[in-house]
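Tertiary structure, described
Letter by letter, the chains look like this.
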Amino acid sequence: MQIIPSIDLKNGRCVRLYQGDFDRQTVFSENPVAVALGWQEQGGNLLHLVDLDGAAGGVPANLSIITSIVHALDIPVQVGGGIRERTTADSLLLAGVARVVIGTAAVENPELLKGLCQDYGGERVVVAVDARAGMVTIRGWTAGSQVSALELARQVRDLGVPRLLYTDVSRDGTLTSPNFAANAELVRETGMKVQASGGVSTLDDIRQLTETGAEGVIIGTALYRGAISLEDAIKAAKG
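A short tour of the structure in this document, coming up.

What counts, and where the lines are drawn
Residues numbered from 1 in each chain as written. Predicted model: local features only at pLDDT ≥ 70, side-chain atom pairs only at ≥ 80, totals over all residues. Heavy atoms only, no water. Axes fitted to C-alpha atoms, helices over the stretch in contact; angles between N-to-C directions. Helix = DSSP H or I, 4+ residues; strand = E, 2+ residues; numbered from the N terminus. Left-handed = near helix turned anticlockwise from the far one by under 90°. Contact = heavy atoms within 4.5 Å. Nonpolar A, V, L, I, M, F, W, Y, C, P; charged D, E, K, R; others polar. Buried < 20%, exposed > 50% of the residue type's maximum accessible area, 1.4 Å probe, protein only. Arc of directions from axis to C-beta. Core = buried A, V, L, I, M, F, W, Y, C linked by side-chain atoms within 4.5 Å. Parallel < 35°, antiparallel > 145°, perpendicular 65-115°, else oblique. Phe/Tyr/Trp six-rings, centres within 6.5 Å; stacked < 30°, edge-to-face > 60°.

**A few points about the packing of helix α9 (residues 203-212) against helix α11 (residues 230-238)**
In a packed pair of helices, the relevant descriptors are the angle between the two axes and the axis-to-axis distance. At their nearest, the axes of α9 and α11 sit 8 Å apart, and the two run at 35° to each other. In terms of crossing hand, the pair formed by α9 and α11 is right-handed. Mapping the contact onto sequence places L203, I206, R207 and T210 in α9 and D232, A233, A236 and A237 in α11. Here the residues of the contact of α9 with α11 are counted per class, giving five nonpolar, one polar and two charged.

Structure below.
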């Protein structure tokens, strides 16, 4: 299983939110490029970037920093947050982003996913399935939907998307442990590649996630607060 360090961008800074609440944020660095280089130096082989301003507003707001990070690193970068238009996805992919992570548009504009898979290949598209109590949330986790996580996963799979990023919003940034059952269900019921996110706080969490069949796990708060190290997380994921 792959360990994927995360950088959440808000107002040009590296932050973490508690349960996706924009009013409950902690700033960890004023220099996201340096943070990204640090994760690469410590053994990260994929970086996850989230434009929180873009997720809330619907238009990416940290593109210059994202581009700087992509150009500074040798490892691939996947980016999410506010990618709801084809022009936005095109600009990121053409700028060197390895994968775009689509959340709200997967619910509201599935044709966007279909077109991206056809033109770039499904491996460059990830669908973010962000859920509370099994139901998908959208617009930076500020709005609900009538779609279940499993239903959305099956819909996007049929459009050619091979990979999901599943987040239990109620656990994100809380260090309370991931939703193992939900991750295992998505892997089992869809046959898709699943990246787990939300709640990882211990090496045992990582070991348990490997048993769900998840392809990777995105870790943020636990790394920034020093609950676990990236090096130890990578070792734990290897068993």
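Okay, back to it.
**A closer look at α9**
Taken as a whole, α9 has its buried residues at D205, I206, L209 and T212. Mapping the buried residues of α9 onto a view down its axis gives an arc of 105°, with all of them on the same face. Along its buried surface, α9 packs onto β1 (2-10), α8 (180-190), β11 (193-197), β12 (216-219) and α11. Directly beyond the C-terminal end of α9, a positive phi value near 90° is found at G213.

**Structural notes on helix α6 (residues 110-120)**
One turn of the α-helix equals 3.6 residues, which is why residues spaced by three or four share an orientation. Along α6, the residues that are buried comprise L112, L113, G115, L116 and C117. In this fold, the buried residues of α6 make contact with α4 (86-94), β6 (99-102), α5 (104-108), β7 (125-132) and α7 (149-157).

**Some words on the nonpolar core**
A general trend in soluble globular proteins is that nonpolar side chains are found buried together. In terms of nonpolar packing, the biggest core is built from 65 residues, with I7, L47 and I219 touching the most fellow members. Ranked by the residues each element gives to this core, the list is headed by α7, at five residues. Once you skip the residues sitting within four places of it in the chain, I7 turns out to touch C14, P32, V35, A36, W39, L47, H48, L49, V50 and Y224. Membership of the second largest hydrophobic core comes to seven residues, among which are I4, V101, V126 and A128.

**Side note on the packing of helix α1 (residues 32-41) against helix α3 (residues 63-72)**
The geometry of α1 relative to α3 is characterised by a closest axis approach of 9 Å and an angle of 30° between their N-to-C directions. Regarding the angle of α1 to α3, the classification is roughly parallel. In terms of crossing hand, the pair formed by α1 and α3 is right-handed. Side by side, α1 and α3 meet where P32, V33, A36 and L37 of the first sit next to I65, S68, I69 and A72 of the second. Of the residues in the contact of α1 with α3, the class split is seven nonpolar, one polar and no charged.

**Some points on unusual backbone geometry**
For N11, which is not a glycine, the phi torsion comes out positive at approximately 55°. Within the secondary structure, N11 is located in the loop between β1 and β2 (13-18). A positive phi is found at A133, a non-glycine position, where the angle reads about 50°. Within the element layout of this structure, A133 appears in the loop between β7 and β8 (135-138). Residue class for A133 comes out exposed when judged on its relative accessible area of 85%.

**Overview of the packing of aromatic side chains**
Under the definition given, this model contains one aromatic pair. Between the aromatic rings of W39 and Y224, the centroid separation amounts to 5.5 Å while the plane-to-plane angle is 80°, which identifies the pairing as edge-to-face. Highlighted residues: W39 in helix α1 and Y224 in helix α10 (residues 221-224), separated in sequence by 185 residues. Both residues of the pair, W39 and Y224, belong to the buried class.

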